[in-house]
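# A closer look at the structure
Here is what each chain is made of, one letter per residue.
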Amino acid sequence: MKKWFPHGKWSKYYVWLHHYSIVSFLALMLTGLVLYIPFFHVRLISYLSFFYDAHIFLGIVFFLSLFSPIVKKLPKVNRKRKIDWFMPIFLGTAIVLTGFSLWKVNWFPSKIREAAFPWHGNLSYLLGIWFILHGFFKATGTQYPQTFVTKKMDSERRQFLQWGVSGLVIGAITMTPFSKLFTTSGKVSSNSKPGVHEFPEYFTVTDNYPNVLLDKYRLVVDGLVTTKQSMTFEQLKSLPITKQIKNFQCVTGWSVSDVEWEGIHIRELVSLVKPTSEATFITFYSADGAYTESLSLKEAMESDVLLAFKMDQQPLRVEQGYPIRLVVPRMYGYKSIKWVNRVEFASTRIQGYWEQRGYPSEATF
Ligand SMILES: Nc1nc2c(c(=O)[nH]1)N[C@H]1C(S)=C(S)[C@@H](COP(=O)(O)O)O[C@H]1N2
Ligand SMILES: [Mo]
């Protein structure tokens, strides 16, 4: 790489800056893709919380590299092309800002994070493409055409700062609901009825979505209870129904705001089966045979925890948890176990599927 920077003592700095950015950006891209692309994350399920932490750590490392040209007093003699500085600084700050909003879930409203999520990816792809082009041009010695953006410039802190700030502005614009016009995030889907959200992903930890047959389906409510129940779907639906509109937040960053749920509150089950005084936790089981979740009785009795059978006024589809799924709006999505077929009152908290793999059992954000 040295041959591209034949400028004496500054050569060292530019080589260092390139190594630092290439390594941190590549690692960021890779961990981000593992988190985002279903093909990868279903194969790396047990390591997802590691990839998540690594992605955030690398994001901070990358963020720091953006300050480098501002902090470093660069020589006036060694002029570089404008665009070579502009692209990483401008896109980089926009990526960092959107990423920050996805990380600090509590600091930003759901609507903002919902809009930011796809742009965090789009801007990263753009910067990735730019890095590849840039590398290609340098490696082949291709000269950029001389235009306003490609001409050489003096290294000026003020200019770098301005680009950083404009990156922040663009990042902020992508986080407004307006930016959703250009992505599919949070949009009501075109092939179903108006007002019906599509989630970015429909997860399963098994090879497929369990196809529950309603004739055979029973919701078993047992454990530390006075009267066990084994209910058909119809029996469950005949209990008092609760409706609510809530945001949904996955731990990997995506969110969907204003989802309408319809279902049965846990207190209805409680009054049916009458748990004993030792029952302080509830374990939920899924018809997929693999997924489990656990809530304390107190958490489960919160007013917005439902066993839902409708989303946005439509019966749940198979991939959404048909016929019923848990919804715990105040916690990360992994608490909202799908295809629930057993609710067990218990005296201890079991570690849920993701919790055994490193996610916290108090999944609040
Ligand atoms: N049975 C089961 N329930 C599950 C999951 C799963 O893989 N299997 N994924 C969880 C996670 S991590 C999230 S974010 C939500 C996502 O809901 P969705 O798959 O309907 O989008 O479901 C949760 N419930
Ligand atoms: Mo999730």
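Residues numbered from 1 in each chain as written. Chains lettered and ligands numbered in written order. Predicted model: local features only at pLDDT ≥ 70, side-chain atom pairs only at ≥ 80, totals over all residues. Heavy atoms only, no water.

### As for the site of ligand 1
Let me state the cut-off plainly: Only a single heavy atom is needed: when it lies within 4 Å of a molecule or strand, its residue is near that molecule or strand. In the analysis that follows, any N or O atom pair within 3.5 Å is treated as a polar contact, provided that within protein one partner can donate a hydrogen and the other can accept it, and provided that, for residues neighboring in sequence, both atoms belong to side chains. Every accessible area reported is derived by Shrake-Rupley at a probe size of 1.4 Å, with residue values counting cover from the shown protein chains alone. The nonpolar class holds Ala, Val, Leu, Ile, Met, Phe, Trp, Tyr, Cys and Pro. Asp, Glu, Lys and Arg form the charged class, and all remaining residues, Gly among them, are polar.
Close to ligand 1 lie 20 residues; Glu201, Phe203, Arg325, Ser336 and Lys338 are nearest. In the model, a nitrogen atom of ligand 1 is placed 3.4 Å from a nitrogen or oxygen of the Ser286 side chain. Asp288 places a polar side-chain atom, nitrogen or oxygen, 3.1 Å from a nitrogen atom of ligand 1. Here ligand 1 has 520 Å² of accessible area as a free molecule, and 99% of this is covered by the chains. A class-by-class count of the residues in the shell around ligand 1 yields 12 nonpolar, 4 polar and 4 charged.

### A look at unusual backbone geometry
The following threshold applies: Runs of H or I in DSSP of at least four residues are treated as helices and runs of E of at least two as strands, each being numbered from the N terminus.
For the bond running from Tyr322 to Pro323, omega is 5 degrees, close enough to zero to count as cis. With a phi angle near 70 degrees, Gln313 is a residue other than glycine that sits in the positive phi range. Along the chain, Gln313 turns up in the loop between strand 9 (306-311) and strand 10 (314-315).

### Considerations on the domain arrangement of the protein chain
Rules: For the domains described, the bounds stem from an automatic or database domain assignment. For this analysis, residues touch if any pair of their heavy atoms sits within 4.5 Å. By salt bridge we mean one thing: a side-chain nitrogen of Lys or Arg within 4 Å of a carboxyl oxygen of Asp or Glu.
Per the domain assignment, the segments of the protein chain are domain 1 (8-182) and domain 2 (214-357). Opposite the 13 residues of domain 1 that make contact, domain 2 presents 14 residues. There are 1 salt bridge connecting domain 1 and domain 2. When the shortest N-O distance is used, the salt bridge between Asp258 and Lys111 registers 2.7 Å. Our count for the domain 1 to domain 2 interface comes out at 5 residue pairs in polar contact (both at pLDDT 80 or more).

### Regarding the packing of helix 4 (residues 82-103) against helix 5 (residues 110-140)
To be explicit about the condition: For helices, the fitted axis covers only the stretch in contact; all axes are lines through C-alpha atoms, and the angles between them, taken along N-to-C directions, range from 0 to 180 degrees. Roughly parallel means an angle under 35 degrees; roughly antiparallel, over 145; roughly perpendicular, 65 to 115; everything else is oblique. By convention, the crossing between two helices is left-handed when the near helix turns anticlockwise from the far helix through less than a right angle, and right-handed when the turn is clockwise.
Where helix 4 contacts helix 5, the axes come no closer than 9 Å and their chain directions differ by 155 degrees. Relative to helix 5, the element helix 4 is oriented roughly antiparallel. Of the two possible hands of crossing, helix 4 and helix 5 adopt the one that is left-handed. On helix 5, the residues touching Ile83, Asp84, Met87, Pro88, Leu91, Gly92, Ala94, Ile95, Thr98, Gly99, Ser101 and Leu102 of helix 4 are Arg113, Ala116, Phe117, His120, Leu123, Ser124, Leu126, Leu127, Trp130, Phe131, His134 and Lys138. Of the residues belonging to the contact of helix 4 with helix 5, the class tally is 14 nonpolar, 7 polar and 3 charged.

### A closer look at the pattern of salt bridges
We count it as follows: Exposed residues in this analysis have more than 50% of their type's maximum accessible area, buried residues have under 20%, and partly exposed residues fall in between, with area computed by a 1.4 Å probe over protein chains only.
Summed over all chains, the structure comprises 12 salt bridges. Glu268 serves as the salt-bridge partner of Arg267, at 3.5 Å between the closest nitrogen and oxygen. Two residues, Arg342 and Glu344, come together in a salt bridge whose shortest N-O distance is 3.3 Å. According to the relative accessible area criterion, Glu344 is buried, its value standing at 19%.

### Concerning the nonpolar core
We count it as follows: Here the nonpolar core consists of buried residues drawn from Ala, Val, Leu, Ile, Met, Phe, Trp, Tyr and Cys, with membership extended through side-chain atoms lying within 4.5 Å.
Grouped together as the largest cluster of nonpolar side chains are 47 residues, with contacts concentrated most on Leu219, Phe284, Leu307, Leu326 and Val343. Elements that contribute at least two residues to this core include exactly helix 1 (9-36), helix 3 (48-71), strand 3 (219-223), helix 7 (233-237), helix 8 (266-273), strand 7 (281-286), strand 9 and strand 12 (340-346). Split by domain, the residues of this core number at least three in each of domain 1 (8-182) and domain 2 (214-357). With near-sequence residues (within four places) excluded, Leu307 lies in contact with Leu219, Gly263, Ile264, Ile266, Leu269, Phe284, Ile324, Arg325, Leu326, Val340 and Val343.

### Points about the sheet that holds strand 12
The test is simple: A pair of strands counts as paired when DSSP detects no fewer than two bridges linking them.
The strand order 4-3-12-7-8 describes an open sheet built from 5 strands, whose pairing is mixed. Pairing within the sheet leaves two strands with one partner each, and these edge strands are strand 4 (229-231) and strand 8 (292-296). This sheet shows a mean twist of 15 degrees between the axes of neighbouring strands, independent of strand direction. As judged from the 6 bridges shared by strand 7 and strand 12, these two strands associate in the antiparallel manner. By the bridge assignment for strand 12, Thr283 is matched with Glu344. Together, strand 3, strand 4, strand 7 and strand 12 form the strand contacts of helix 8, whose direction differs from that of strand 4 by roughly 130 degrees.

### Some words on the environment of Pro69
With respect to the helices, strands and loops of the structure, Pro69 is situated in helix 3. The spacing of Pro69 and Ile89 is 20 residues in sequence and 9.3 Å in space, taken between C-alpha atoms. With residues up to four places along the chain from it excluded, the contact list for Pro69 reads Tyr13, Leu74, Trp85, Ile89, Arg157 and Phe160.

### Here we look at the packing of aromatic side chains
In plain terms, the rule: Stacked, edge-to-face and tilted are the three classes for Phe, Tyr and Trp ring pairs, Trp counted by its six-membered ring, which pair at centre distances within 6.5 Å; planes under 30 degrees apart are stacked, over 60 edge-to-face, the rest tilted. Definition used: whenever NZ (Lys) or CZ (Arg) falls within 6 Å of the ring centre and also within 35 degrees of the ring normal, the charge is taken to sit over that ring.
Per the counting criterion, the structure on display carries 33 aromatic pairs. Look at Phe199 and Phe248: their rings are 4.9 Å apart centre to centre, the planes differ by 35 degrees, and that puts the pair in the tilted class. Placement of Phe199 in the loop between helix 6 (157-174) and strand 3 and of Phe248 in strand 5 (residues 241-249) is noted, with a sequence separation of 49 residues between them. Taking relative accessible area as the criterion, Phe199 reaches 6% and is therefore assigned buried. Each residue in the set Tyr13, Tyr14, Trp16, Tyr20, Trp85, Phe86, Phe90, Phe160 and Trp163 is aromatic and connected to the rest through ring pairs, giving one cluster. If you follow Arg43 out to its NZ or CZ, it ends over the ring of Phe39, 3.9 Å from the centre. Taking the ring centre of Trp103 as reference, the NZ or CZ of Lys104 above it sits at 4.4 Å.

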